[in-house]
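What the coordinates show
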Amino acid sequence: MNKALRISHVGLRGIVGQGLTATHVLEFAAAFGTFLEPGRPVVLGRDPRLSGHMIREGVLASLLACGHDVIDLGVVSTPVVQHAIQRLDAAGGIAISASHNTIDWNALRFFGPSGIYLNTAEAGELLDIYHLRRFRFAPWDQLGKLTVTTDAIDAYLDGLARVFDLPRLRPLRVVVDCCNGASALILRRMNERFGCGFILINERVDGRTVAHTPNTSASIVELQLAPLMQPLQADAGFLFDMDADRVALADELGRGISEEMVLPLLADSLLPVSPGKLIIANLSSTALLEDVAARHGGRVLRVPVGRQAAIDALSTYRPEQIALAGEGTGAVMMPQFRFVYDGIASMLAILHTICDRGQPLSRILAGYPRHHILKAEVPLTSPRIPALLEELQELFPDGALDRSDGLRIAWPDRWFHVRVSQTEPIIRVIAEQRDREPRELFETLLDRVRRWN
Amino acid sequence: MAREHLLKVGVSGVRGVIGGFLTPGLAASFAQAFGTYVGQGPVVLGRDTRTSGPMLTHAVNCGLLAAGCEVIDLGVMPTPTIQIYIAHRKARGGIALTASHNPPEYNALKLFNHEGLFFNQYERSELLDLFHQSQFTQAGNDEIRSVKQDFTTAPALHFERVLRHVDADRIRSRRFRVALDGVNGAGSAMSVEFLGTVLATRLEAIAVDPTQVFPRIAEPRPDTLTDLAALVRRTGADIGFGQDPDGDRLAVCDENGTVLDNDDVLALAVQRALAHTPGDVVVNLTTSATIDDIAARHGRRVHRTPVGEANVVERMQAVKAAIGGEGSSGGIIFPAVHLCRDSYTAMALLLDLMAETGQTVSALVAGLPRYTRLAGKVPFEHGRLGTLMQNLEASFPDAQTIRTDGLKLLWEGRWLHVRSSNTEPLLRLAVEARTPGEAQTLFDEAWRRLTD
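Anyway, here's the lowdown on the structure attached to this text.

Criteria and cut-off values
- Residues numbered from 1 in each chain as written.
- Chains lettered and ligands numbered in written order.
- Predicted model: local features only at pLDDT ≥ 70, side-chain atom pairs only at ≥ 80, totals over all residues.
- Heavy atoms only, no water.
- Helix = DSSP H or I, 4+ residues; strand = E, 2+ residues; numbered from the N terminus.
- Rg over C-alpha atoms; globule rule 2.2 N^0.38 Å.
- Buried < 20%, exposed > 50% of the residue type's maximum accessible area, 1.4 Å probe, protein only.
- Contact = heavy atoms within 4.5 Å.
- Core = buried A, V, L, I, M, F, W, Y, C linked by side-chain atoms within 4.5 Å.
- Buried area = accessible area lost by both parts, 1.4 Å probe.
- Salt bridge = Lys/Arg side-chain N within 4 Å of Asp/Glu carboxyl O.
- Polar contact = N/O pair within 3.5 Å; in protein donor to acceptor, adjacent residues only side chain to side chain.
- Nonpolar A, V, L, I, M, F, W, Y, C, P; charged D, E, K, R; others polar.
- Axes fitted to C-alpha atoms, helices over the stretch in contact; angles between N-to-C directions.
- Parallel < 35°, antiparallel > 145°, perpendicular 65-115°, else oblique.
- Left-handed = near helix turned anticlockwise from the far one by under 90°.
- Patch = residues over 30% accessible without salt bridge, like charges linked within 9 Å, V, L, I, M, F, W, Y side chains within 5 Å.
- Areas by Shrake-Rupley, 256 points an atom, 1.4 Å probe, with all protein chains shown as cover.
- Pairing = 2+ DSSP bridges.
- Arc of directions from axis to C-beta.
- Phe/Tyr/Trp six-rings, centres within 6.5 Å; stacked < 30°, edge-to-face > 60°.
- Disulfide = S-S within 2.5 Å.

Some thoughts on the overall build of chain B
Helix and strand content of chain B: 15 helices and 20 strands. Radius of gyration (C-alpha) of chain B: 22 Å, near the 22 Å computed for a compact globule of 452 residues. Here the C-alpha coordinates of chain B stretch approximately 70 × 60 × 40 Å along the principal axes. Sorting the 452 residues of chain B into buried and exposed places 61% on the buried side.

And the structure:
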């Protein structure tokens, strides 16, 4: 079953025309306009999808009708929207982007002041307003005004340039697969302004065609980006989704690097300058994180899968306690950027690591203990998932147990995680082991899950 | 008990008060129904100067794009200019965001077909059904088009169309002094250009800032145009023009500062048009018999329709009329330019008439057949309407009866017309006779019968 519409704490997402309609957009944006305090402007941006034209108009209509002034950034990445919210001291913002979904999808993503994601309580309130449909529309003489700006990408680049030494990256030969998304606009400008010399592929931005699924999974990198590395004599390759909040990479030998590696790589470069701090990661991310954290005296906090859990965990700590937060999908938040998933910032941090170490990417990666991860999806057919998890738990009584999101059991050298996806009707089975494949454990789990009814 | 009409969704479109009644969601849905009905292709959009115009533009853009249409946004533009552009651009149709002469808190969607004409009654009810069924075309990502803006083509096109039908050089050579009250409406900038530059009049303009709110009651009538009348007197203007917010209606002030009866404005335009253009005249049932007298002079027929611009236009198209209009509401429809109510055509025809005859406005009006018209509103209780009409009809057995829109009773040289308002439980009573005394007697008689 292909779910064409999903309305949840993460916002509104669907296939435009089939599930996601103009009416959904107008009502959800009116709910957000009702949710936000009046007085300060609201920032709007969109990825290049053609449906963004239609959705933009609907969002503008509802926000203006609720009396909010709107600053429209045009086609930008989601991190640029979040940056602008902070820079412009806005009340919040909306990014129109289905990110890593296929081109026929689109979505509304909502941000509060400073560009941070809504926490679960706020997102719940927004959903309640949406479902009540009792919107706070302004009278005719108090409607909002629209300002269109074209300088958001430059301002964002200024922000990046304050944290990263961009000219220092010039000697590196870097290939970037922009996936026909917003990253093309940003990196083109970065080349112009800072002479970075990034070699951009799939950089045509027409919102209609994409060279491949805008997904940062290892298999896409393997197929699309990795084969180019040696012919182009590149030091590193990166691949972004449509709105550049996620990143995946390939090394100079032409090997696709698992998206799981982005978080440990960044942890390894950030922890030395922030010793003892916390890394927030989800239960499905590689245990290499614990290895890296141990090297630098850091600590890993494991939370349920999904951005919402990471956001909620973030909000319970002070920013200075945290080194990094992210997921195994290549979505990473760094404190310098107020904890925004930002693929381009992640890329720059990894490139800096390469410069700092003076080593090729493959050598840096070879320095880590090798973890072998196996992943599978099993169609969800039974409603009796709690009983399944109970049975699996009894099967492995000796490991360290975590039941906060499905079932995760860990041993010193291996772990597995079985959970129901929040976005699709599937059960995800993941097993990982240091130095060798956890084939036997993985097959046992898969067999149990597949036979369950 | 009069209900406040905050929102009306009906065969003439959607009209309502901003701030929770005419919501962006409703506007977008109606636009998507419209886009579904007219089909994928270019759709023209324009608006008057109301504060809610930009917000509703985005909502309508959203609905049209969602239906797979391409939007051509004309920005702030008079309704007739939008209509002319639709036909010229061979668009699928068009939408004007304007509540015409209604107060500033209102707005509405006026809908036009591919010829830039009001939908006829069959098209209108089909569209309304589509809206209620919510079975809209839902374009996918690769079918979604964009909004293109064109703020300059339409006004030039409109001027060019109008100027084909008057002797522009003769008007220019007279260097008329013209006063204008643009009500800060959609025509503000265009009217200054048209009168001041294109027709080279010596223009004295007030309320021509489209960024400001309406400075007076939006409907141009004698009692709302006191500023215009004062301007005419102060500047010694030859004529004064008062527009409504979307530039379709026009009221006229003579060189003495007297605002003309709107029926007389129509009569002057009809007089000018019939002298140069073949065809009959179409007016609504409430329009003055002056029109019949003028048409008779030219040997033309007058066709009468129920009140409403769409009704008049529909008949005009069917009989290939030379000119038409609705007397009391102001504004003329001259199909040689376009089948729409158009203040620019009206201004040009009147200036041309003045240039051609060399007469002042007051002299031209003095030359019209003289009638006295009286009007009033009678509240009635729901359910009593039929009885009231029947009593009235029974009390005037000698009259010719027309029942196509309320009740019209007709005698030689006088008539009375009662019809219920579309928006309120009110009867509108209008009478006309050759002398003030006759008119008053007829009015009082009818009033008594309706209020007994």
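Picking up after the structure, the text goes on.
A few points about the overall build of chain A
A tally of helices and strands in chain A yields 14 helices and 21 strands. Relative to the compact-globule value of 22 Å for 453 residues, chain A shows a C-alpha radius of gyration of 22 Å, a close match. Residues classed as buried in chain A amount to 60% of the 453 residues present. Sequence-distant contacts, at least 24 apart, represent 68% of the contacts inside chain A between residues at least 6 apart.

Side note on the nonpolar core
Counting 86 residues, the largest nonpolar core has Met190(A) and Phe198(A) as its most contacted members. Looking at this core element by element, the count peaks at 8 residues for helix α11 (residues 343–357) of chain A. Sequence-distant contacts of Phe198(A), defined by excluding residues within four places in its chain, comprise Val174(A), Val176(A), Leu187(A), Met190(A), Asn191(A), Met347(A), Leu348(A) and Leu351(A). If you look at the next biggest cluster of nonpolar residues, it comprises 75 residues, including Leu44(A), Ala91(A), Phe136(B) and Ala139(B).

As for the interface of chain A and chain B
In this complex, chain A contributes 29 residues to the contact, which on the side of chain B involves 30 residues. In total, chain A and chain B occlude about 2,200 Å² of area from one another, counting both sides; carbon and sulfur atoms represent 71% of this. Three residues, Glu57(A), Phe137(A) and Trp140(A), lead the burial of chain A against chain B; their summed loss comes to 29% of the area buried on that side. Summed over the shared surface of chain A and chain B, the result is 0 salt bridges. Across the contact surface, chain A and chain B share 7 residue pairs in polar contact (both at pLDDT 80 or more). Among the elements of the structure, α1 (22–35) and α2 (51–65) of chain A are those that each provide at least two residues to the side of chain A that touches chain B. Of the residues that constitute the side of chain A that touches chain B, the class distribution is 16 nonpolar, 8 polar and 5 charged.

With respect to the packing of helix α13 (residues 385–395) of chain A against helix α14 (residues 439–451) of chain A
In a packed pair of helices, the relevant descriptors are the angle between the two axes and the axis-to-axis distance. Residues and elements named next belong to chain A. Where α13 meets α14, the axes come as close as 11 Å, and the angle between the chain directions of the two elements is 150 degrees. When the interaxial angle is binned, α13 and α14 end up roughly antiparallel. For the crossing formed where α13 meets α14, the hand is right-handed. Contacts from Leu388, Glu391, Leu392 and Leu395 of α13 reach α14 at Thr444, Leu445, Arg448 and Val449.

Description of a nonpolar patch on the surface
All names here are of chain B. Together, Leu7, Val9 and Phe21 line one region of the surface with nonpolar side chains, adding up to about 210 Å² of accessible area. Tracing the chain through its elements places Val9 in strand β1 (residues 7–10). We classify Val9 as partly exposed; its relative accessible area is 31%.

A look at the pairing of strand β5 (residues 93–97) of chain B
Residues and elements named next belong to chain B. Counting buried residues in β5 gives 5 out of 5 residues, a clear majority hidden from the surface. Burial along β5 is two-sided: the residues Gly93, Ile95 and Leu97 and Gly94 and Ala96 are all buried. Where strand β3 (residues 42–47) meets β5, 5 bridges bridge the pair, whose relative direction is parallel. By the bridge assignment for β5, Val43 is matched with Gly93. Across 4 bridges, the pairing between β5 and strand β6 (residues 106–112) is antiparallel. Residue Ile95 lies in a different strand from β6, and its bridge partner there is Leu111.

Details of helix α7 (residues 218–229) of chain A
All names here are of chain A. Where α7 is concerned, the buried positions are Ile220, Val221, Leu225, Ala226 and Met229. The arc that holds every buried residue of α7, seen down its axis, measures 145 degrees, which confines them to one face. Where the residues of α7 are buried, they touch β8 (174–177), β9 (199–201), β10 (236–240), β11 (247–251) and β12 (256–257).

Thoughts on the sheet that holds strand β14 (residues 323–325) of chain B
Residues and elements named next belong to chain B. Strand order in the open sheet formed by 4 strands is β13-β12-β14-β15, and the pairing between neighbours is mixed. Only two strands of the sheet have a single neighbouring strand rather than two, namely β13 (302–305) and β15 (332–333). As paired elements, strand β12 (residues 281–284) and β13 share 4 bridges and run parallel to each other. Bridged to Val283 within β13 is Arg304. Packing against the sheet, helix α11 (residues 309–319) makes contact with β12, β13, β14 and β15, and its axis sits at approximately 145 degrees to β13.

Considerations on the packing of aromatic side chains
Enumeration over the complete set of coordinates arrives at 19 aromatic pairs over all chains. Plain terms: the ring middles of Phe396(B) and Trp411(B) are 5.4 Å apart, the flat faces sit at 75 degrees to each other, and that makes the pair edge-to-face. With Phe396(B) in the loop between α14 (385–395) and β17 (400–402) and Trp411(B) in strand β18 (residues 407–411), this pair connects stretches of sequence that are 15 residues apart. Exposure class is identical for Phe396(B) and Trp411(B). Each is buried. One aromatic cluster is present, formed by Phe28(A), Phe32(A), Phe35(A), Phe110(A) and Tyr130(A) through successive ring pairs.

With respect to the pattern of salt bridges
If the charged atoms of two oppositely charged side chains come close together, the side chains can form a pair. Scanning all chains against the criterion turns up 56 salt bridges over all chains. Between Arg188(A) and Glu203(A) there is a salt bridge; the shortest N-O distance is 3.1 Å. Placement of the pair is Arg188(A) in helix α6 (residues 183–194) and Glu203(A) in the loop between β9 and α7, with a sequence separation of 15 residues. Between Arg403(A) and Glu390(A) there is a salt bridge whose closest N-O contact spans 3.5 Å. In this pair, Arg403(A) is assigned in the loop between β18 (400–402) and β19 (407–410) and Glu390(A) in helix α13, connecting sequence segments 13 residues apart. A residue is classified by how much of its surface remains accessible, and Glu390(A), at 37% relative accessible area, is partly exposed. Where salt bridges share partners, they join Lys110(B), Asp246(B), Asp248(B), Glu309(B), Glu326(B) and Arg341(B) into one cluster.

Thoughts on the sheet that holds strand β20 (residues 426–433) of chain B
All names here are of chain B. If you walk across this open sheet you meet the 5 strands as β16-β20-β19-β18-β17, and the pairing is antiparallel. Unpaired on one side and paired on the other, β16 (372–379) and β17 mark the two borders of the sheet. Strand-to-strand twist across the sheet, computed as the mean angle between neighbouring axes with direction ignored, equals 15 degrees. Seen against the sheet, α14 touches β17, β18, β19 (414–420) and β20 and runs at an angle of roughly 170 degrees to β19.

Here we look at the state of the cysteines
Counting across every chain of the model gives 0 disulfides over all chains. Cys66(A) takes part in no disulfide bond, and the closest cysteine sulfur, belonging to Cys62(B), lies 14 Å away.

Some words on the environment of His296(A)
Residues and elements named next belong to chain A. Mapped onto the fold, His296 is located in helix α9 (residues 288–296). Accessibility expressed as a relative area gives 22% for His296, which makes it partly exposed. Placed 24 residues apart in sequence, His296 and Pro272 show a C-alpha to C-alpha distance of 6.1 Å. Setting aside residues up to four positions removed in sequence, His296 forms contacts with Asp268, Leu271, Pro272, Pro275 and Gly276.

Overview of the environment of Val303(A)
The topology assignment puts Val303(A) in strand β14 (residues 299–303). Sequence separation of Val303(A) and Asn282(A) is 21 residues, and the distance between their C-alpha atoms is 4.6 Å.

What to know about the side chain of Glu70(B)
Residues and elements named next belong to chain B. Here Glu70 lies in strand β4 (residues 70–76). By relative accessible area, Glu70 is classed as buried at 9%. Among the polar contacts listed, one links the side chain of Glu70 to the side chain of Lys148, at a separation of 3.5 Å. Not counting chain neighbours up to four residues away, the residues in contact with Glu70 comprise Gly41, Pro42, Val43, Arg89, Arg145, Ser146 and Lys148.

Comments concerning unusual backbone geometry
One non-glycine residue, Ser114(A), lies in positive phi territory at about 65 degrees. Mapped onto the elements, Ser114(A) comes out in the loop between β6 (105–111) and α4 (120–132). Its relative accessible area of 25% is what places Ser114(A) among the partly exposed residues. At Ser100(B), a position not held by glycine, the phi torsion is positive, near 50 degrees. By the element assignment, Ser100(B) lies in the loop between β5 and β6.

By themselves these figures say nothing about function.
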